[in-house]
Structure formats: C-alpha cells, structure tokens
Amino acid sequence: MTHFTINEEIMNSNDSLPPFTLLIEDGDTTAVYSDTEMQDELVKVLRNNGRFTVFDQQEGLYQRISVAANIAFFHKWFHCETPLPEILVLFELQNCAKKPLHKCTESEVRRIYYAKYFMSGVRPLIFHEPVHGADIRTINTFLHMLQKLKNSQIPVLILVSNMEHALLLGDIAYKLGGNGIQSLVVDEEDSSVEESTTPRAVTTTHFFKIPAKVDDKVILFDPLEIDYIESQDGKAMIMVNDSSYMLDSTLGEMEKKLEVYGFYRCHRSYIVNLQKVREIITWSKNAYSLRIDNNAQSTIPLSRTKIQDIQEKFSLK
Amino acid sequence: MNIQRISAIFEKDIKDFMKNMMLLMMPLIPIVLALLYKQMSNGEEFPIYFLYLNVGIAYSSVTSTCMMTMMAEENEKKTLRGLIQSPASMVDILVGKSLVVGLITFVSLTVSLAIIGSDPLLNGKAILALILLFLFFLFLGIGIGLFSKSISATSAYTMPVMLLFGFTPILGSLQLDEDGIIMTITDTFPIMQAIELHEKSSWVPLGIIAGWVLAAALFMYICFKKTMTDD
C-alpha cells in the first residue's frame, strides 16, 4: 500500500502556507489543527494541486427521498463492499431510515454525510471540520468509522480548527502555524517543571491573582474565574468566558500554582478548573472529555491515565 | 458505461420524481389537454396536426422540461459533487436520467394518444418519426440541463423550447402568410416535418428530422465538453 504525503510539491509555492512535509502512514489517523484561514488555504491547495477530494459536507444530498434511499443510492453508485444494513447500523441511521431527508435532524444528516464518505472509496480520506458542532452520539459514530478505517489500513487526514477535536480524533495530532507544523503532544511537563520550587506559592496564596498581559495592560484574574488553561506553543493560555489570554508561564508552572484552588492537570496540554466541570464524557474508543460549564459548553480532553484520578476527586469510586 | 451506476441513478431518480410535485405535474399536462380536446370535439375525428400538437406538447413539457429540471436541481444543490470522478460517470448519470424521462414520457404520451385516438400514428414511418422526435427533445433537454445552474433559470429556457419546437403546429392557425419567411422556416421544424410525413409518401421529412436530431446531439456534445472542462 502507499503512504500519503503532503510536501512542497503539492504546496507549489503557496505564500500563505509555511513549507512543511507531512507523511501519513497507512492506517494512521492524523489530525491537523490550525486557524480557519490557514485551513482554507490548505484545503484549496489539497483540492487544486494535490487533486485530493476533501470532504466538507458542503455538497447537497437528496432532500425529498428517504435516508435509506439516499444511502442505497450512494451504496450502489460507489460499489460499496460492506452490506447496506451494516452501513445503516454503523452510522446509527436504522431508526430514521424511512424518514425523508428534509425532516431529519442536523445530526442525522451529518451521519449520512459520514456514511457517504465512508462508502465513496476515496483514498486517502480527508475530512474538513467533520465534528464541528456535532452531538456526542454523532461524534461517537465518527470515531467508530475512524476505527473501521484504521482496521482496513486506510490513511485519514482530519483538518480541524479546535485543538480538543484534534486530540480526540487523531492518533497523531499536529498544529499548523505560521512557523510550520509541530506535533501537538509535547512532553514539556516532566523535565523543566520539577525544578521550580513551591515556597513562593505558599506565601501568595492569601491574595493570589493570575496576571495576563494584553497589549500594554496587565489583567489580573481571580483563579476561580478561569474555566481552563490550554497549552499553546509551550505557553499557557487561560480561557475565561470564551476569551483567551496568553500567560508568560508554562503549563507546568501554572499547575503548581493553581493546584490549591481545585485545578487539575487532566491532559498534557490542559489544566481544568474542577469546579467548572459539568460532565465527564466517555467516547467509544476509550477516550474521555470533560465538558465545562461555560457559555460555549467547551469540551476538553481527559487523558486515559487520569480518569481514575478524576473519578476519585469527584468521589465517583 | 457502468450498468450498476446507471441503475443506481435510475432508482434514485424514479423515487425522487415521485416525490417532486413540480415534475409530477408535467406528464399530466398532455393528458389533461387531450381530455379537454376530446370534450370539445364532440366525437369528430382529429386532424393529423392535432395529434402532433399533442406529441409536441408531451415531448417539450415532459421530456425536455423534466430533463432540464432534474439536471438543474443537481447543479443547483451541488449533489453531484464527489460522485463524478470522470466523464464516464457523468455519462452514466445522463443515461440513467434519460431512462427515467423516457419511461415517464412513454406513459404520458401513450395515455394522451389513447384518449384522442392514435390510429394514424400506428405505422412504421410515424413510429420512427416519434422516436427521432423523442431523441431530439431529449438531447435538447440534456444540453440545456448541463449548463443551467438553477431551477428558476430553467423555466426561462423551457419557454423557447416549448413555443418554438413543441407548439409549432399552432403557428399554422395564426393566419400568417402561407409563403412568408416565418412559415417557410417553421415548416422545416421537426414536428412540422413529421406532419408532412403523412401528406407525402417520400422519406425526405424523416431525413430532415434526423438532421435536427444530429444538430441537437451536437449541441448536447458541446455543452457536455464545456461542463467537463469547467470543473
């Protein structure tokens, strides 16, 4: 089987994208996280120069006929090997099979798109924002599909603009920024953090604020305001009510300072304010997420190794 | 050509057709008109040109219009994106849709002709003319359907096709100068040639209709090439 590579040749001197090479092995699910602008450029490049098909759910489906008729058509058209009933079950469409498409919910329609792309037989599969705004059940069917694709040794590339999605969907997650492509899971915690000592933190616990610099102002945040902290380029980024502020310190330093306020390092790249956790979501491939009780209802990844810890903290066990 | 794909698109479009009120009305037009004429005629025999008027209406309103509308809908909603990997799959789609349109046209035409009486049309030459006429209107519909981007644009394209080629026999009743330029030109139109086939015993009218079919096929081919290179 062939690998799938994105290299300079495909990029073909595009000014808006940094030069990079990305090799995707068979059976690998790779997620690339970037801002929307760069993502659009990348999609354009993949479509025009690479002649790849990018699945972005922008094309129409047949609104008048039923879900089953739609799936049956694609199934026959793409000459799909998997039996039709199995497809319906895999994408949890068996319950709405008789419904015409215009009466289906957004999530059901999205699962039809997944089914269509799954059956299309295009290799490699490139998805553009596949789970943006999807409900938990739909994300789970998508994960099931990825598992199935992985078993058939099919390379998958997923382009997302949300770091949590990149970490959840991809076996390997990258961040595409102005200075190239980097692997998202950085091992910055163990080495540097251990050295920093704690006594300083103890003296300030009575009156402790987190300073974040914005332009020429310094904003002081009460730790309890913070929803969660995300690591970006080795720097901690605090999320407060849908806005984010860059800090000067690393995630490791923040973890030490904030532990006493009920913060917890739930993932290499995330620290969460446990008081703001509303839900613990269990995904199908033995992955977990935490849902934060803020306006955006953001979900952040929870490492497999930390689930025990979290359950103890919330006295679930 | 891929039989499986053709049958996939055929099944899909038949289902879609049955749910589409706009398209379902089309085959009813010639049937309703035939019933009306029948009522008005008081049992008299219909003149030949009347039968061909009905044929023209059936072909232009069912064959051409349905084909155009179906293609335009796929173009408008971009439903074909991701399905077409090569010109061959586009041909599959066109053939599948033509089969649907052919079936509907056949039903509509048979019913309407059964109402007003089809005896004069039941000979080899006339049937051949009917088949050629069907192809002419089909090719015309495919050609226009390929480049029409939306359903609303299609209604604009439908009018000239219906008025010029479908309703040509009506022009004779407009009291225009028999030898005037308009009559001379419209006399060579396919439906008029089919009527002439019954008046003369020569095969020339069939040849002229075949010429029209070729022209429509060429038009369709050009549109096809253009859409395939555009993408």
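Each remark here, short or long, concerns the structure printed above.
For clarity, every value in this text was computed on a predicted model and none was experimentally measured.

Considering the interface of chain B and chain A
No. 1: On the chain A side, the residues contacting the 24 residues of chain B number 19 residues.
No. 2: Interface area for chain B against chain A, summed over the two sides, is near 2000 Å², with a carbon-plus-sulfur share of 57%.
No. 3: Taken as a group, Gln4, Arg81 and Leu83 of chain B account for 30% of the area that chain B buries against chain A, more than any other trio of residues on that side.
No. 4: For the pair chain B and chain A, the number of links is four salt bridges.
No. 5: The shortest N-O distance in the salt bridge between Arg81 of chain B and Asp56 of chain A comes to 2.8 Å.
No. 6: The interface formed by chain B and chain A holds 10 residue pairs in polar contact (both at pLDDT 80 or more) in total.
No. 7: Considering each element in turn, the side of chain B that touches chain A owes the most residues, 10 residues, to helix H1 (residues 3-19) of chain B.

A few points about the pattern of salt bridges
No. 1: Per the counting criterion, the structure on display carries 21 salt bridges over all chains.
No. 2: Salt-bridge contacts for Asp16 of chain B lead to Arg64 of chain A; the nearest nitrogen and oxygen are separated by 3.0 Å. One end of the pair, Asp16 of chain B, is in helix H1; the other, Arg64 of chain A, is in the loop between strand S4 (54-55) and helix H3 (67-77), on a second chain.
No. 3: Looking at Asp16 of chain B, the relative accessible area reads 8%, which means it is buried.
No. 4: Across the pair Glu74 of chain B and Lys12 of chain B runs a salt bridge, and its minimum N-O distance is 2.9 Å. Of the two residues, Glu74 of chain B sits in helix H4 (residues 48-77) while Lys12 of chain B sits in helix H1, which places them 62 residues apart along the sequence.
No. 5: Residue Lys12 of chain B is classed as buried on the basis of its relative accessible area, which comes to 2%.
No. 6: Linked through salt bridges whose partners overlap, the residues forming this network are Arg64 of chain A together with Asp16, Glu73 and Lys77 of chain B.

The rules behind the values
Residues numbered from 1 in each chain as written. Chains lettered and ligands numbered in written order. Predicted model: local features only at pLDDT ≥ 70, side-chain atom pairs only at ≥ 80, totals over all residues. Heavy atoms only, no water. Contact = heavy atoms within 4.5 Å. Buried area = accessible area lost by both parts, 1.4 Å probe. Salt bridge = Lys/Arg side-chain N within 4 Å of Asp/Glu carboxyl O. Polar contact = N/O pair within 3.5 Å; in protein donor to acceptor, adjacent residues only side chain to side chain. Helix = DSSP H or I, 4+ residues; strand = E, 2+ residues; numbered from the N terminus. Buried < 20%, exposed > 50% of the residue type's maximum accessible area, 1.4 Å probe, protein only.

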